[in-house]
Each structure stands twice: as structure tokens, then as C-alpha cells.
Amino acid sequence: MSRIAGMFQRLGAEDRTALIPFVTAGDPSPEVTVPLMHRMVAAGADLIELGVPFSDPIADGPVIQRATERALARGVRLRDVLDMVRRFREQDSETPVVLMGYLNPIEIMGHGAFAAAAREAGVDGALVVDVPPEEGHDLVEALRAENLDLVYLLAPTSDGERIRRIGAVASGFVYYVSVKGVTGAGNLDVEGVAAKLAEIRARIDLPVGVGFGIKDADDAARVSAVADAVIVGSAIVGRIEQLADTPEQIPEVVAGFIAELRQAIDTASHA
Amino acid sequence: MATRPDQTTDPRSPTVGADGYHWPDANGHFGPYGGMFVPETLMHPLMELREAYERYLGDADFVRELESDLRDYVGRPSPLYHAERWSRELGGAQIFLKREDLNHTGAHKINNTIGQALLARRMGKTRIIAETGAGQHGVASATVAARMGLECIVYMGEVDVARQEANVYRMRLLGAEVVSVKSGSRTLKDALNEAMRDWVTNIDNTFYIIGTVAGPHPYPAMVRDFQSVIGREARAQMLERTGRLPDALVACVGGGSNAIGLFYPFIDDAEVAIHGVEAAGDGLATGRHAAPLCAGSPGVLHGNRTYLMEDVDGQIIETHSISAGLDYPGVGPEHAWLKDSGRANYVAVTDSEALAAFHALTRTEGIIPALETSHALAYATKLAPTMRKDQTIVISLSGRGDKDMHTVAQLDGIKL
């Protein structure tokens with residue numbers, strides 16, 4: 001069983017909702033990321049989504065765009081991100097890590113070479129934002145050959161046919177984008193999310209994570225009542241941005257926020 | 001194929017023909033290029049657009065409205081002008097200029113914005129968004145939005161807003177909101193990123209008018225079809241004027257919409273040589289250029305796979321050209337395919353070669369071309385002397401140079 005499936009199975013048995021934080025690798029500087037990942041796990045993260053910096057992040061709002069620019073300015077590229085995961089794995093062989101990013105850096109490395117390098121580094125899966133199932137054939141094959149999961153986005157605009165189509169190729173979990181918009185945008189409509197999740201679960205037999213627009217512990221608690229995983233990105237990256245000039249404080253502050261989210265989720269799950 | 005000379009106003013160009021050129025395929029691919037590389041949220045609106053486009057292309061009312069707008073509002077057909085004096089000076093082939101500079105708003109861009117705005121209205125969209133570099137597509141979008149009473153937001157990189165003040169003012173006069181984009185390199189590619197972000201957020205009421213033959217399917221095919229009025233007219237005009245097809249076509253290529261517009265109706269005419277001209281900036285060897293076809297590599301950006309200016313890690317790199325309209329790190333996927341298949345030849349000319357051609361045409365023919373267009377002219381000055389005097393070249397004179405007065409004057413040390 002993959003690390004991702006194992007994690008969801010374990011939490012499912014405990015009737016708990018997973019907490020998935022997202023951070024951009026190398027933001028604000030490369031040396032921050034690995035210690036930060038460990039602190040997030042200690043504070044209650046179940047899976048870590050690591051953003052791979054790309055020059056043209058069309059699905060990201062201003063907060064993650066700026067994080068990407070900070071990481072790129074420090075020279076952080078896909079190979080460096082793989083290296084961070086390799087170092088993370090030296091002390092953590094349990095927590096799944098999923099890379100989230102755009103196709104071009106993978107494309108230029110080669111799909112097969114990327115999959116092999118990711119596997120070797122200890123990556124568990126990838127979410128490639130600009131690859132819908134229509135264009136994903138080569139990538140799916142390459143990742144499957146290395147037993148890596150390919151996580152897909154689902155959107156409020158995905159109809160039944162698209163949900164089925166994505167279900168046919170997705171693995172690990174699916175990521176429901178809870179708002180029409182970019183990362184960090186909009187206001188959360190939990191009832192709307194719940195209705196869509198029912199539609200998704202009727203067609204896809206994978207855990208469903210919900211993200212894009214979860215800003216605080218209250219949002220996390222409300223979403224955890226309906227989702228298998230709560231994904232929080234911009235709210236964390238925004239905190240990192242505020243501490244970009246004092247990076248030594250980042251792990252402490254982010255871990256505090258993760259613990260807050262964790263507690264809210266666990267309280268809600270057991271309510 | 002809908003490329004016979006008697007069909008000069010038919011915007012249709014079947015993507016699957018009984019014979020001959022038939023790209024893109026049903027999924028929007030031109031060989032390995034093109035496609036729909038977008039976040040899931042955009043798949044539904046793109047499918048919706050594709051359906052609407054396919055439906056209205058066959059709709060007699062739509063076609064009639066488009067034809068009448070192209071005639072009465074844009075001023076089509078545009079003239080085909082025999083540049084006799086310039087041809088004589090170059091001492092080779094006879095050069096014919098397809099005068100897209102004489103269109104309303106001064107460039108070929110409006111052929112496409114008219115078509116897409118009519119489509120937007122039929123789809124019940126009330127809000128138009130567009131990206132722009134030099135501002136020509138932004139002006140053409142703001143223009144049709146004003147005429148149709150649609151809200152219009154134009155995204156423009158902060159760098160371009162500063163260097164194209166006059167066009168920013170034109171857009172605002174026309175009632176558009178110009179949003180200065182401060183992310184990334186703050187130029188055209190970032191304006192496109194920001195427009196896509198807007199679209200993801202406002203898909204219910206918004207129509208995104210992409211200004212070139214790039215972006216996800218169906219944009220490259222749709223923009224080509226709207227722009228191919230250039231080539232259909234030129235083909236008929238050449239047959240009428242000279243009794244045969246031209247020997248060569250030349251057009252500048254940034255994203256490549258005026259070039260595809262001219263080339264497409266001639267693709268099955270093997271005897272017609274096709275030349276696309278990219279911006280070599282300071283020279284291909286310097287790395288400071290905007291010539292992905294000549295010096296880039298394949299990758300995925302802005303929804304399609306094509307040739308890109310990228311570094312070894314797949315990050316998009318900054319481009320350089322004297323012409324803001326060619327200052328783009330990608331190129332339409334159909335050009336990538338025409339390059340690989342060998343049907344078209346792609347070359348690049350430098351800033352200084354383009355400037356020399358700008359002055360040459362202005363002095364010999366009394367036509368001041370856009371700096372983008374001047375790249376095509378510069379290549380023609382190399383090509384024409386290698387051809388016989390009874391041979392012909394058609395150049396897409398894609399835009400006029402009014403917008404470039406400041407840039408050229410500055411290079412001559414004159415402050416306007």
C-alpha cells in the first residue's frame with residue numbers, strides 16, 4: 001500500500017480528517033523548507049504538499065505567486081525540490097509528500113526521468129495543475145511505472161462526465177477546488193462543497209481533499225465535517241511572507257498555526 | 001477545404017478536410033503541439049466556447065453579421081498594394097503588401113476581436129477580458145466592447161503600461177479598465193497569466209478574448225479562422241491581379257496571428273513558399289531576443305505545447321525585442337507544427353535590421369509600418385533580391401507605425 005493510501009486508511013479507522021498544509025519549496029529561502037516540513041508534521045500535518053516554483057503560475061493567487069517569486073529568486077528549481085524531499089526522508093519515512101506545480105519543469109526533465117527521480121527522492125505523488133486528464137496520458141504512465149500517485153483537481157465546474165473521467169486516472173486522493181478562482185481566493189460555501197462532494201463520491205472511490213480558500217481554524221473545522229482532507233495553502237504561505245525577513249521564526253509560527261488547525265479539525269470530527 | 005478564391009468572406013475553415021491540411025485534430029493538437037493544458041476549472045468554459053464556436057461558424061446569421069462588420073466597421077477587404085518603387089530598389093521579386101494597417105484601429109488585430117466579441121454576445125457573456133503587450137489587441141478589444149456595450153478589462157504588464165502610454169489612454173477613452181500587472185516580468189506573458197486568473201474567477205459572465213493564435217484549444221484554431229480572412233483575400237487578389245499564386249509569403253511572428261492569417265489559405269499550395277519572421281532582438285547569439293522557433297525548445301505554457309524561450313530547468317525566460325508586439329516567449333502551436341513539418345520556414349531579424357526596413361519602406365513608399373511588421377519587411381529585403389523580377393512576394397503589412405513614433409524618435413535621439 002502506498003504511503004498516501006496508508007495514511008488515509010489509518011485516519012479513516014480513527015474517524016479523523018487529514019490536514020494537508022501546502023508550502024512553496026524554498027520560500028523564503030532553501031534552508032527553511034526541510035526543518036519547516038518536520039515542524040509541520042510534529043504539529044499535526046498528515047501529508048505535505050510542496051509547491052514547485054514555476055515562472056508562470058496561472059492557477060495561483062497573489063500570495064503564492066509572491067512565494068514562487070521569492071523561491072525562484074533564490075534559485076530554487078525542481079531538482080532542488082527533489083533534494084529537499086530526499087533530506088526530509090532521512091528523518092521521516094512515514095509522512096507522504098506530494099509535489100504540486102506546473103508541467104513545464106517536468107516536461108523539460110522528461111516525464112520518465114522526473115518520475116524516477118521523484119521516486120528515488122521519496123516523493124509519493126504529484127499534482128500537476130495544468131495537466132487535465134485529456135493531456136495527462138504520458139504523465140500517468142510515467143508516474144504509474146514508478147508507483148507514484150497522480151492527484152487531480154476537481155472544480156465546481158466539473159460535471160458528472162468529467163468527474164468520472166478524472167476518477168479513471170486519479171490515484172491517492174482527489175483535490176476539490178472549493179471556489180471558482182485562484183489559490184487563496186473567495187469565500188467558502190461549505191454547503192455547496194458538501195453537495196459537490198456527494199456528487200464526487202458517487203463517482204470516485206478515492207479520498208477527497210478540499211482546498212483553495214480555507215483561511216483559518218473555523219473554515220478548517222467546517223470543511224473537515226464533509227471532507228477527507230483539509231488543504232491549507234495561502235493562509236500558511238501568507239504567514240511565511242510576513243516573516244520573510246526573520247526566517248528563524250517561521251517554523252515556530254507555522255507550527256503554531258498548524259496545531260490550531262489540527263485541534264479545530266479534530267474537535268469538529270469528533271463533534 | 002474552404003480556401004478557394006471564390007470564398008473570400010467565408011470564415012469557415014474545416015479542421016478536418018477530405019484531403020490536404022487538416023489540423024488541429026479533434027482535441028486541438030497540431031502534431032505534438034497545441035492541446036488544452038489548463039487547470040480543471042477552465043476545462044468546462046473551454047468546452048462551452050468550443051461548442052459555441054463550432055455552432056456559430058455554421059450559423060448563417062452569425063456569418064452574415066461578421067461579414068457585414070468586417071466590411072462596414074473594419075473596412076475590409078483591405079487593399080493589396082504593389083510596392084513597385086521598393087521592389088525596383090531591391091532589384092528582385094515584385095512585392096505586394098496586404099494592407100492590414102488600413103483596418104480600423106490600425107492593425108490586423110480587429111479581425112479577431114470582432115469575431116470573438118460577436119461570439120461573446122451570442123453566448124450571453126457581458127464582460128470581456130483581454131491581455132495586451134503593445135496595446136494593439138487591447139485597443140481592438142476595447143473598441144469592439146465599446147461598440148457592443150460590453151464591460152471590458154484589459155490586462156497589461158506594468159512595463160508595457162509605462163512604454164505604451166498613448167495606447168493605455170486610447171483604451172481608457174474607449175471605456176475599458178486597464179489593469180497594470182505587477183507580477184513576474186511585468187510584460188505580455190504576465191498579462192496573459194493575470195487574464196487567465198481573472199477568467200478562472202469570473203467564468204460565469206466573462207469571455208476571454210485572446211489576441212493571438214496561442215492559448216488552449218480552441219483559441220489557436222479559432223483566432224486563425226478569424227484572421228484567415230487576410231490570406232483568403234490576398235489569394236483572390238493575387239489571382240485577379242497576376243493570374244497566379246504568389247511565389248512567397250512573408251509575415252512577422254510574435255504569437256503569430258497575422259502570419260497564420262496570411263499563411264493558412266495557402267498551406268495546400270505547395271508551390272507557395274512560406275516565411276515567418278521572428279524577432280532576433282540584439283541577435284540570436286546574444287540570447288537577448290524573442291525567437292522561440294529559431295532558438296527555443298518545445299515546452300508547455302499558457303495552455304498549449306509549443307516552442308518556448310525557457311532555461312534548462314523549464315522556467316520561462318525574459319524576451320527582448322524593439323517591438324513590444326513580438327516580445328513574447330511562446331508562439332502559436334500551429335507555427336511549431338508548420339516548422340517541424342517543414343511547410344514553413346522560420347527566420348529571425350534583429351532590431352537594427354527591422355529599423356532599417358522601417359525607414360526604407362517609409363521613404364520609398366510613403367507607408368510607415370509598425371515595428372512588428374518591419375521584421376517581415378526586413379526579411380523581404382534579403383529574400384527579394386534572390387528571386388526573379390517576374391516572381392512575387394506577398395507581405396502581411398500587419399499594422400501601422402503611428403504607435404511606434406516615440407520609440408523610433410528616441411532611437412534617433414529626438415524627444416517628441
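Residues numbered from 1 in each chain as written. Chains lettered and ligands numbered in written order. Predicted model: local features only at pLDDT ≥ 70, side-chain atom pairs only at ≥ 80, totals over all residues. Heavy atoms only, no water.

Student: What is the right way to read helix α8 (residues 188–201) of chain B from this model?
Tutor: Because each turn of an α-helix spans 3.6 residues, side chains separated by three or four positions end up pointing in the same direction. The terminal C-alpha atoms of α8 of chain B, which comprises 14 residues, lie 20 Å apart, in line with the 20 Å expected from a rise of 1.5 Å per residue. In terms of burial, α8 of chain B is a largely internal element, twelve of the 14 residues being buried. (Helix = DSSP H or I, 4+ residues; strand = E, 2+ residues; numbered from the N terminus. Expected span 1.5 Å × (residues − 1). Buried < 20%, exposed > 50% of the residue type's maximum accessible area, 1.4 Å probe, protein only.)

Student: Which parts of the structure should I look at to understand the nonpolar core?
Tutor: Soluble globular proteins tend to bury their nonpolar side chains together. Ranked by size, the top nonpolar core spans 122 residues in total, and within it F173 and Y175 of chain A together with Y208 and L262 of chain B carry the most contacts. For this core, the element with the most residues is helix α1 (residues 40–57) of chain B, which contributes eight residues. Three or more residues apiece are contributed to this core by two domains, here domain 1 (30–73 + 108–218) and domain 2 (80–106 + 228–412) of chain B. The contact partners of L262 of chain B, leaving out residues within four places of it in the chain, are I230, G231, A234, L249, V250, A251, V394 and S396 of chain B. Listed in part, the 74 residues of the second largest apolar core include L50, V128, V210 and V254 of chain A. (Core = buried A, V, L, I, M, F, W, Y, C linked by side-chain atoms within 4.5 Å. Domains from an automatic or database assignment. Contact = heavy atoms within 4.5 Å.)

Student: Would you explain the sheet that holds strand β4 (residues 125–128) of chain A in this entry?
Tutor: Sheet strands pair by backbone hydrogen bonding; their relative direction is either parallel or antiparallel. Residue and element names in this part refer to chain A. Taken in spatial order, the nine strands line up as β5-β4-β3-β2-β1-β9-β8-β7-β6 in an open sheet, and their pairing is parallel. Each edge of the open sheet is held by one strand with a lone partner, namely β5 (149–150) and β6 (152–154). Where strand β3 (residues 97–101) meets β4, four bridges bridge the pair, whose relative direction is parallel. Looking across to β4, one finds that M100 is bridged to L127. Most of the contacts of helix α11 (residues 234–242) go to strand β1 (residues 18–24), to which it runs at about 45 degrees, and overall it touches β1 and β9 (229–232). (Pairing = 2+ DSSP bridges. Axes fitted to C-alpha atoms, helices over the stretch in contact; angles between N-to-C directions.)

Student: Help me understand the UniProt feature "active site" (unreviewed entry) in chain A in this model?
Tutor: The sites that carry the UniProt feature "active site" (unreviewed entry) are, in the present numbering, E49 and D60 of chain A. With respect to the helices and strands, the residue E49 of chain A is situated in strand β2 (residues 48–51). Once residues within four sequence positions are removed from consideration, E49 of chain A is found in contact with I20, P21, F22, V23, V98, M100, L127, F173, Y175 and I231 of chain A. Examined against the element boundaries, D60 of chain A turns out to sit in the loop between β2 and α3 (62–73). Taking the relative accessible area as the measure of exposure, D60 of chain A reaches 8% and is therefore buried. Not counting residues up to four positions away in its chain, the partners in contact with D60 of chain A are Q65, Y102, V182 and T183 of chain A together with R197 of chain B. (UniProt positions renumbered as here; feature names shortened; annotations may be inferred.)

Student: Can you walk me through the confidence of the model for chain B in this structure?
Tutor: As a note on interpretation, predicted positions should not be read in detail where pLDDT is low. Residues and elements named next belong to chain B. When pLDDT is averaged across chain B, the result is 94; 95% of the residues are at 70 or more. In the model of chain B, helix α6 (residues 158–163) stands out as the element of lowest mean pLDDT, 89, in contrast to strand β9 (residues 248–252), which has the highest, 99. Taken together, the stretch residues 1–18 has pLDDT below 50 and engages in 42 contacts with residues farther than four places along the chain or on a different chain. Across the predicted assembly, pTM comes out at 0.95 and ipTM at 0.96. (pLDDT = per-residue confidence, 0-100.)

Student: Can you walk me through the UniProt feature "modified residue: N6-(pyridoxal phosphate)lysine" (unreviewed entry) in chain B in this structure?
Tutor: Residues and elements named next belong to chain B. Feature annotation in UniProt places "modified residue: N6-(pyridoxal phosphate)lysine" (unreviewed entry) on K109, given in this structure's numbering. Relative to the elements of secondary structure, K109 occurs in helix α4 (residues 109–122). Excluding residues within four positions of it along the chain, K109 makes contact with Q136, H137, A140, G211, T212, Q227 and S257.

Student: Explain the interface of chain B and chain A to me, please; I cannot follow it from the model alone.
Tutor: It is common to give the size of an interface as the accessible area lost on bringing the parts into contact. Listed by partner, the interface residues are 36 residues for chain B and 36 residues for chain A. Summed over both partners, the interface of chain B with chain A buries about 3000 Å², with 51% contributed by carbon and sulfur atoms. Of all residues in chain B, the largest losses of buried area upon contact with chain A belong to E40, R197 and Q315 of chain B, amounting jointly to 24% of the total for that side. There are six salt bridges connecting chain B and chain A. Where D56 of chain A meets K189 of chain B, a salt bridge forms, and the shortest distance between an N and an O atom there is 2.9 Å. Counting every contact that joins chain B to chain A gives 20 residue pairs in polar contact (both at pLDDT 80 or more). Put simply, the parts of the chain that give the side of chain B that touches chain A at least two residues each are β2 (33–37), α1, α8, β11 (297–301) and β12 (303–308) of chain B. (Buried area = accessible area lost by both parts, 1.4 Å probe. Salt bridge = Lys/Arg side-chain N within 4 Å of Asp/Glu carboxyl O. Polar contact = N/O pair within 3.5 Å; in protein donor to acceptor, adjacent residues only side chain to side chain.)

Student: Would you mind showing me how to read the domain arrangement of chain B here?
Tutor: Residue and element names in this part refer to chain B. For chain B, the domain assignment lists domain 1 (30–73 + 108–218) and domain 2 (80–106 + 228–412). If you average the C-alpha positions of domain 1 and of domain 2, the two centres end up 23 Å apart. Opposite the 37 residues of domain 1 that make contact, domain 2 presents 37 residues. Carbon and sulfur atoms supply 63% of the area buried between domain 1 and domain 2, which totals about 3000 Å² over both sides. Counting every contact that joins domain 1 to domain 2 gives one salt bridge. In this structure, D327 engages R163 in a salt bridge whose closest nitrogen and oxygen atoms are separated by 3.3 Å. Where domain 1 packs against domain 2, one counts 13 residue pairs in polar contact (both at pLDDT 80 or more). Those elements that place two or more of their residues in the side of domain 1 that touches domain 2 are β2, α2 (60–74), α4, α5 (136–148), α7 (165–173) and α8. Residue composition of the side of domain 1 that touches domain 2, by class: 18 nonpolar, 15 polar and four charged. (Nonpolar A, V, L, I, M, F, W, Y, C, P; charged D, E, K, R; others polar.)

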